[in-house]
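Chain by chain, the residues run as shown.
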Amino acid sequence: MGLGDPIEIQFLIERGYVRKKCPKCGEYFWTLDPDRETCGESPCEPYSFIGRGIADKSLEEVREDFLSFMESKGHTRIGRYPVIARWRDDLFLTSASIVDFQPFITAGLVPPPANPLTISQPCIRLKDVDKVGPTMGRHLTIFEMMAHHAFNTKERFVYWKERTVELFHEYATEVLRIPEEEIIYKEGIWEGGGNAGPDLEPIVRGLEIATLVFMEYREENGKYVPMDTKVVDTGYGLERITWLLRGDPTGFHAVYGDLVDTFRSELGIERVEERLLSRYSEVSSILRELERGRKVEALRRRIAEILMLDSSYLEEKIAPLEKAFALLDHTKTIAFMLADGLVPSNVNEGYLGRLLIRRSLKLLKLLGVETNLSELVARQVSYWSGKGFPELKEALDRIVEIVDIEQARYEEILRRGEKIVRGIVKSKRKLDLEDLITLYDSHGVPPELVQTVAGKLGVNVEVPDNFYELIAGRHESRKPEAPKLPPFIDELDRYKPTKLLYYQDPYLMEFDATVIGHVGDMVLLDETAFYPEGGGQPSDVGVLSWSGGRAEVVSVEKYKGRVLHRLNGPLPPLGTRVHGKVDEERRLSRMRHHTATHVILEAARRVLGPHVWQWGAQKGDEESRLDITHYKSITPEELERIELLANETVMRNLPVNTFWLLRTDAERRYGFILYQGGVVPDPALRIVEIQGYNVQACGGTHVTRTGDIGPIKVWRARRIQDGVIRLEFSAGVPAARRLIKAHSKLKEIAQSLGVSEEEVDKAFKAAMEELKDLRREIRRHAREIEEAKIREILKEFEKVGDYRISHVELASVSLDEGVKLVDKLVGSEERVVILTKPSGDRVEVAVLVNGYDLMAGDLVRETTKSVGGGGGGDQRLGRGSIPKEKLESFLEVIRARLGGS
RNA sequence: GGGCCCGUAGCUCAGAUGGUAGAGCGCCGGCUUUGCAAGCCGGAGGUCCCGGGUUCGAGUCCCGGCGGGUCCA
């Protein structure tokens, strides 16, 4: 059977179901009613469940009913996975329950945690974020996907299509008590995550309440091929089912209960009568416009027509409520994301978190309320922690803090952006592309905001559609190079995988092995102690020697389990016994740094919180770096606590154990915290466990006890990016060396200050303070003395031509200061004041012209030049300098100039 | 890792073209007011991030470093 063929379920046929084609959407469906025309799903037919409740059940009751029903049918209930898909490198968020089990379990490479199993998985999808609110609950960014999954392998068949439909049918009719004749099964095709298969979508009263997917194909080079493992992938919409059962006016009423009213009144929004809301929901369900992204306002006008209401009345009533609905949804999503350890940033899942937070802040702004977003999020936390998610409450403080920080940031950007835009508009009445780029590039102000602000000032700004491309182009962005596979990659299959001695004994530095191949210009051995580059640990170097030859190993690479040694000399012939010697000092240093990385990461988690994840790491011989996620900068005190905890862990001399586990077992035992160094693309994981302290999946070489690390010193912590802090540290010998050096410098300073090392900072500050005071005192003195002197000098003058001139010889104040004094003291008297001040082998000069029409700058330029100096200035003041011995002639030249004119 | 921007008084920031370092807020003192809010007058407060260079002269120009922001990988 191929994709798109009729899906014939005997169970349904026996019950009298017939296959029909919907004249509206053209899709096939199964129904008990032979006279039925359409498929029954909105928008082919409107909702018919609103106001016709079947049972007054809460969301939790519906969830519990489902899970225990599936348990009674032989399924094992398992707990939810995080909403951040840390185990996937192709997804940021958990968007469906099956995401939990891709790719290894669905591919049959790793056994599932239970089989069959049932779960209620909170899922986040941001694709339809614009529709949340206007569709009255049909779209949500966060929802729970209840599911039962069965994984059918060659070895074990669990159940397939018939049983799946039976299970759904029984659940719908017995547990939900939906009359059988109201259930319609629509045929469809489901694709996602590299898998595909036919599906059935049960429709009840206009609403699709589940999707029953029979996953039996996987994508290979753009084509679908049958899988060995066939997976039952069901998804039951908890929120939709609850809505259907209750018949509430909107989905939000069904999901959020009394939070709807809490939010409504908190946001100062008028209550809308239920009848109107219900009618609105029903009518909106048949309109496709929204789905196609048409403007909400246009949609509302059509609904107003259908309901025969004034459209501005409807707009006024509904628009604010939609925003409250969107806020209900977004704040819940934010709460879950942050509880599961998301740190807002400008990349990856961090960006998605920020996106939702900023959207919410914008909604608050549009509603014109002053409420802090964190208050609303906190309400969600307490609401949901009482409804099956107690883990949210533990993260409350952090969640509130992060949301507050993000709000402050957002407001800061708005403020700054507005200021800059105003400045530009004021100075040139328009904004061009260059301005937009600068604003975005250097100030982080998005063009949409610029448009808004400029619009308020009456300036129209064009934002090109390809704006973000332009920015990228400016940054000469290089495409990330696809991991280049060497040309000999297929050749490798001929050889046996290398025996990895460095895993058996990380301290093994010498070994004997046999050359089993030459690949490219590299040597392949049957076993090796050389560690190849990987996991942020650089490759080993060392020496290979054999009878009649010797070569340095300059780098080591590993492909497909074969370790290749690159030599800088002749290659030993095939079959040669070689003796390998790893550069011990470097290797040991890297091992220490590597284990230290794990130690520091855990210390950071314990000090800062469980949202801390490794973002990246680079190990070196002298110094290593560990980048961690954190939402603000680390304080010096926090850093000290991290360092202390790390060093205490070293001193506890904990065993470091390494072993292999299947992914499912490892995840069950340790959780997703394992995936710190990125996603490992293998069914089995190498576990590095610092006993009783930290566990990670890691392929690196590690010391066997933490005591072997030696001292750990974090030199500095700095924000390298939004939401990412880089810790630069040393471990072992380099740490000790640098600490010793730093301490001897400190000792030296303490000695010169004549204080103990403990007081060196205080003494230094005091000395600086004293220095400052003394400087001030000296300057004040000098000024007083000079002032008195200048006052005397200015009383007299020499008449040269039409000018009265005075000569002030400065001794203890700077020329600048002298000029200021003269300027103050000369008052309104007509005078040309020449100031001179010796400075090394030159004399600084200034001429201040007071009350005469004379260009001081020109005068100084010409006169200084004529005696071998230089200078210039403006109308009132000229300044320059001349050689010391030319002072007398300089004064003569000035006299001559003034006298002659 | 790379691009761009910034670093000036306790804080927020001005300081075309290189030429006597400024404003607002805050602080101190005085005046005005029944008091408050405020207003008026005066004052203290500066290693213009650090180091080098160009120049007669650098907060300003150039190079390097440190610190911060922002964008792109």
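Above this text you will find the structure in question.
### Some words on a nonpolar patch on the surface
Then, number 1: Side chains of Phe 764, Met 768 and Leu 771 sit close together on the surface and give an oily, nonpolar patch of about 280 Å² of accessible area.
Then, number 2: Position of Met 768 among the secondary structure elements: in helix 22 (residues 760-795).

### What to know about the sheet that holds strand 20 (residues 624-629)
Then, number 1: One open sheet accounts for four strands, arranged 19-20-25-24; its pairing is antiparallel. Each edge of the open sheet carries a strand with a single partner, namely strand 19 (614-618) and strand 24 (712-721). Averaged over all neighbouring strand pairs, the angle between strand axes comes to 20°, with direction disregarded.
Then, number 2: Pairing geometry for strand 19 and strand 20, over four bridges, is antiparallel. Residue pairing in the sheet places Gln 618 in a bridge with Arg 625 of strand 20.
Then, number 3: Its contacts with the sheet place helix 18 (residues 584-608) against strand 19, strand 20, strand 24 and strand 25 (724-731), and it is angled at close to 135° to strand 25.
Then, number 4: Contacts between helix 21 (residues 733-753) and the sheet are confined to strand 24 and strand 25, with strand 25 contributing the most and set at about 90° to the helix.

### Describing a negative patch on the surface
Then, number 1: The grouping of Glu 510, Asp 512, Glu 584 and Glu 585 at the surface amounts to a negative patch.
Then, number 2: If you list the elements that add at least two residues to the negative patch, you get strand 12 (510-519) and helix 18.
Then, number 3: Looking at the element boundaries, Glu 510 is found in strand 12.
Then, number 4: By relative accessible area, which is 39% here, Glu 510 ends up partly exposed.

### Some points on the packing of aromatic side chains
Then, number 1: All chains considered together, the criterion is met by 26 aromatic pairs.
Then, number 2: Their ring planes at 75° and their centres at 5.4 Å tell us that Tyr 81 and Trp 87 sit as a pair that is edge-to-face. There is no split in this pair, since Tyr 81 and Trp 87 are both buried.
Then, number 3: Members of the aromatic cluster, connected to one another through ring pairs, are Tyr 17, Phe 66, Phe 69, Phe 168, Tyr 171, Tyr 185 and Tyr 236.
Then, number 4: Across the ring face of Trp 613, the terminal group of Arg 605 is positioned such that the distance to the ring centre comes to 5.6 Å.

### With respect to the nonpolar core
Then, number 1: In this structure, Tyr 185 and Tyr 236 are the most contacted members of the largest nonpolar core, which totals 142 residues.
Then, number 2: The element contributing the most residues to this core is helix 9 (residues 311-339), with 14 residues.

### A few points about the pairing of strand 27 (residues 803-809)
Then, number 1: Summarising the sheet, strand 26 (residues 798-800) and strand 27 pair through three bridges and their orientation is antiparallel. Of the residues in strand 27, the one forming a bridge with Val 800 is Tyr 803.
Then, number 2: Where the polypeptide runs from strand 27 across helix 23 (residues 815-826) and back to strand 28 (residues 831-839), its parallel neighbour, the crossover connection is right-handed.

### A look at empty space enclosed by the protein
Then, number 1: In this structure the tally under the stated criterion is two cavities of 30 Å³ or more.
Then, number 2: Space inside the largest cavity adds up to approximately 90 Å³.
Then, number 3: Taken together, Trp 87, Asp 100, Phe 101, Gln 102, Pro 103, Phe 104, Ile 105, Val 110, Arg 663, Thr 664 and Glu 667 make up the full set of residues lining the largest cavity.
Then, number 4: Here the residues of the lining of the largest cavity are counted per class, giving six nonpolar, two polar and three charged.
Then, number 5: Estimated volume of the second largest cavity: approximately 30 Å³.
Then, number 6: If you go around the second largest cavity, the residues you meet are Pro 344, Arg 354, Ile 402, Ile 405, Glu 406, Arg 409, Tyr 631 and Gly 723.
Then, number 7: Among the elements that make up the lining of the second largest cavity, the one with the highest residue count is helix 13 (residues 396-428) (four residues).

### Some remarks on the environment of Leu 59
Then, number 1: Of note, Leu 59 is situated in helix 2 (residues 59-72).
Then, number 2: We classify Leu 59 as buried; its relative accessible area is 5%.
Then, number 3: When the C-alpha atoms of Leu 59 and Leu 238 are compared, they prove to be 7.1 Å apart, with 179 residues separating the residues in sequence.
Then, number 4: In contact with Leu 59, not counting residues within four places along its chain, are Leu 238, Glu 239, Thr 242, Val 255 and Trp 384.

### Things to note about the pattern of salt bridges
Then, number 1: Inspection of the entire model under this criterion finds 56 salt bridges.
Then, number 2: Of the charged contacts in the structure, one is a salt bridge between Asp 65 and Lys 57, with a shortest N-O distance of 2.8 Å.
Then, number 3: Exposure remark for Lys 57: the relative accessible area of 27% places this residue in the partly exposed category.
Then, number 4: Measuring nitrogen to oxygen at the nearest pair gives 3.0 Å for the salt bridge that ties Asp 858 to Arg 861. Residue Asp 858 and its partner Arg 861 are both found in helix 24 (residues 856-866); the two are separated by three residues, about one turn of the helix.
Then, number 5: Owing to a relative accessible area of 37%, Arg 861 belongs among the partly exposed residues under this scheme.

### What to know about the packing of helix 9 against helix 10 (residues 348-367)
Then, number 1: At a minimum axis distance of 9 Å, the contact between helix 9 and helix 10 shows a crossing angle of 150°. Between helix 9 and helix 10, the angle is such that the two are roughly antiparallel. The chirality of how helix 9 crosses helix 10 is left-handed. Contact residues: Pro 320, Lys 323, Ala 326, Leu 327, His 330, Thr 333, Ile 334 and Met 337 in helix 9; Leu 352, Gly 353, Leu 356, Ile 357, Arg 359, Ser 360, Leu 363, Leu 364, Leu 366 and Leu 367 in helix 10.
Then, number 2: Classifying every residue of the contact of helix 9 with helix 10 by side-chain character gives twelve nonpolar, four polar and two charged.

### Here's the deal with the sheet that holds strand 13 (residues 522-525)
Then, number 1: Pairing in this closed barrel of six strands is antiparallel, and the strands run 12-13-17-16-15-18 around the ring. Strand-to-strand twist across the sheet, computed as the mean angle between neighbouring axes with direction ignored, equals 45°.
Then, number 2: One ladder, built from four bridges, connects strand 15 (residues 542-546) with strand 18 (residues 577-582); its direction is antiparallel. Looking at the pairing, Leu 544 lines up with Gly 580 of strand 18.

### Regarding the side chain of Thr 164
Then, number 1: As for its position among the elements, Thr 164 is in helix 3 (residues 161-175).
Then, number 2: Take Thr 164: its relative accessible area is 0%, and that puts it in the buried class.
Then, number 3: At a separation of 2.7 Å, a polar atom in the side chain of Thr 164 contacts the main-chain carbonyl oxygen of Trp 160.
Then, number 4: Residues contacting Thr 164, with those up to four places away along its chain left out, are His 148, Tyr 159, Leu 212, Phe 214, Val 232 and Thr 234.

### Digging into the side chain of Ser 555
Then, number 1: Note on placement: Ser 555 falls in strand 16 (residues 549-559).
Then, number 2: Taking the relative accessible area as the measure of exposure, Ser 555 reaches 19% and is therefore buried.
Then, number 3: Apart from the residues within four sequence positions on either side, Ser 555 is in contact with Ser 539, Asp 540, Leu 564, His 565 and Arg 566.

### So, the packing of helix 2 against helix 4 (residues 238-246)
Then, number 1: With their axes 9 Å apart at the nearest point, helix 2 and helix 4 run at an angle of 115° to one another. In this view, helix 2 runs roughly perpendicular relative to helix 4, as classed from their interaxial angle. The hand of the helix 2/helix 4 crossing is right-handed. Contacts between helix 2 and helix 4 involve Leu 59, Val 62 and Arg 63 on the former and, on the latter, Leu 238, Glu 239, Ile 241, Thr 242 and Leu 245.

### Description of the environment of Glu 349
Then, number 1: With respect to the element layout, Glu 349 can be found in helix 10.
Then, number 2: On the basis of relative accessibility, which here comes to 16%, the residue Glu 349 falls in the buried class.
Then, number 3: In this structure, the C-alpha to C-alpha distance between Glu 349 and Ala 85, residues 264 residues apart in sequence, is 9.3 Å.
Then, number 4: In this structure, Glu 349 is in contact with Ile 84, Arg 86, Phe 92 and Leu 342, ignoring residues within four places of it in sequence.

### Focus: helix 24
Then, number 1: Within helix 24, the full set of buried residues consists of Ala 856, Gly 857, Leu 859, Val 860, Thr 863 and Thr 864. Angular distribution of buried residues about the axis of helix 24 spans 160°; they occupy a single face of the element.
Then, number 2: Buried residues along helix 24 sit in contact with strand 29 (842-850), strand 30 (870-873), strand 31 (877-883) and helix 25 (887-900).

### Examining helix 25
The periodicity of an α-helix, 3.6 residues per turn, causes residues three or four positions apart to be oriented the same way.
Then, number 1: Its 14 residues place the ends of helix 25 20 Å apart at the C-alpha level, agreeing with the 20 Å of an ideal helix rising 1.5 Å per residue.
Then, number 2: Taken together, the buried positions of helix 25 are Leu 887, Phe 890, Leu 891, Ile 894 and Leu 898. Down the axis of helix 25, the smallest arc covering the buried residues is 95°, so these residues share one side. Within helix 25, the exposed residues directed more than 90 degrees away from the buried face are Glu 888, Ala 896 and Gly 900.

Cut-offs applied
- Starting afresh in each chain, residues are numbered from 1 along the sequence in its written order.
- Following the order in which they are written, the chains are lettered starting with A and the ligands numbered starting with 1.
- Under the rules for a predicted model, residues below a pLDDT of 70 receive no local features and side-chain atom pairs below 80 are neither given nor counted, while totals for whole chains, interfaces and linings still include all residues.
- Hydrogens and water are ignored here; the side-chain numbers use all heavy atoms of the structure.
- Each patch is built from salt-bridge-free residues with over 30% relative accessible area, joining like charges within 9 Å and nonpolar side chains (Val, Leu, Ile, Met, Phe, Trp, Tyr) within 5 Å.
- Areas reported here follow the Shrake-Rupley algorithm with a probe of radius 1.4 Å; residue values treat only the protein chains shown as occluding.
- Any Lys or Arg side-chain nitrogen located within 4 Å of an Asp or Glu carboxyl oxygen qualifies as a salt bridge.
- Under the scheme used here, helices are H or I runs from DSSP no shorter than 4 residues and strands are E runs no shorter than 2 residues, and both carry numbers assigned from the N terminus.
- Whether two strands pair depends on DSSP finding at least two bridges between them.
- Lines are fitted to the C-alpha atoms to define the axes, a helix being fitted only along its stretch in contact, and any angle between axes, read from their N-to-C directions, falls within 0 to 180 degrees.
- Should any heavy atoms of two residues lie within 4.5 Å, those residues are considered in contact.
- His is not counted, nor are the chain ends, whereas Lys and Arg count as positive and Asp and Glu as negative.
- For this purpose, a charge sits on NZ of Lys, CZ of Arg, CG of Asp or CD of Glu.
- Classification of residues uses two cut-offs on accessible area relative to the type maximum, computed with a 1.4 Å probe and protein chains only: under 20% is buried, over 50% is exposed, and between them is partly exposed.
- Two aromatic rings from Phe, Tyr or Trp, using only the six-membered ring of Trp, form a pair when their centres are within 6.5 Å; if the ring planes differ by under 30 degrees the pair is stacked, by over 60 it is edge-to-face, and anything between is tilted.
- Here, a charge over a ring means that NZ of Lys or CZ of Arg falls within 6 Å of the ring centre while also lying within 35 degrees of the ring normal.
- Among buried residues, those of type Ala, Val, Leu, Ile, Met, Phe, Trp, Tyr and Cys that are joined through side-chain atoms within 4.5 Å constitute a nonpolar core.
- The path from the first strand over the helix to the second decides the hand: if it runs clockwise while the strands point away from the viewer, the crossover is right-handed.
- A cavity here means a set of 1 Å grid points, computed over protein atoms only, where a 1.4 Å probe fits but cannot escape. A pocket is an open set with protein on both sides within 12 Å along at least 5 of 7 lines, and lining residues have an atom within 4 Å of a point.
- Grid points are joined across faces, edges and corners, and a volume is the space filled by probe spheres set on the points.
- Residues were grouped as follows: Ala, Val, Leu, Ile, Met, Phe, Trp, Tyr, Cys and Pro as nonpolar; Asp, Glu, Lys and Arg as charged; and all remaining residues, including Gly, as polar.
- By the definition adopted for this analysis, an angle is roughly parallel if under 35 degrees, roughly antiparallel if over 145, roughly perpendicular if from 65 to 115, and oblique otherwise.
- Crossing handedness is read from the near helix: turned anticlockwise from the far helix by less than a right angle, it gives a left-handed crossing, and turned clockwise, a right-handed one.
- For the purposes of these results, a polar contact is taken to be a pair of N or O atoms within 3.5 Å, where, inside protein, one atom must be able to donate a hydrogen and its partner to accept one; residues adjacent in sequence count only when each atom of the pair is a side-chain atom.
- In this description, one arc is meant: the one made by directions from the helix axis to the C-beta atoms.
- Working rule for helices: expected span equals 1.5 Å times residues minus one.

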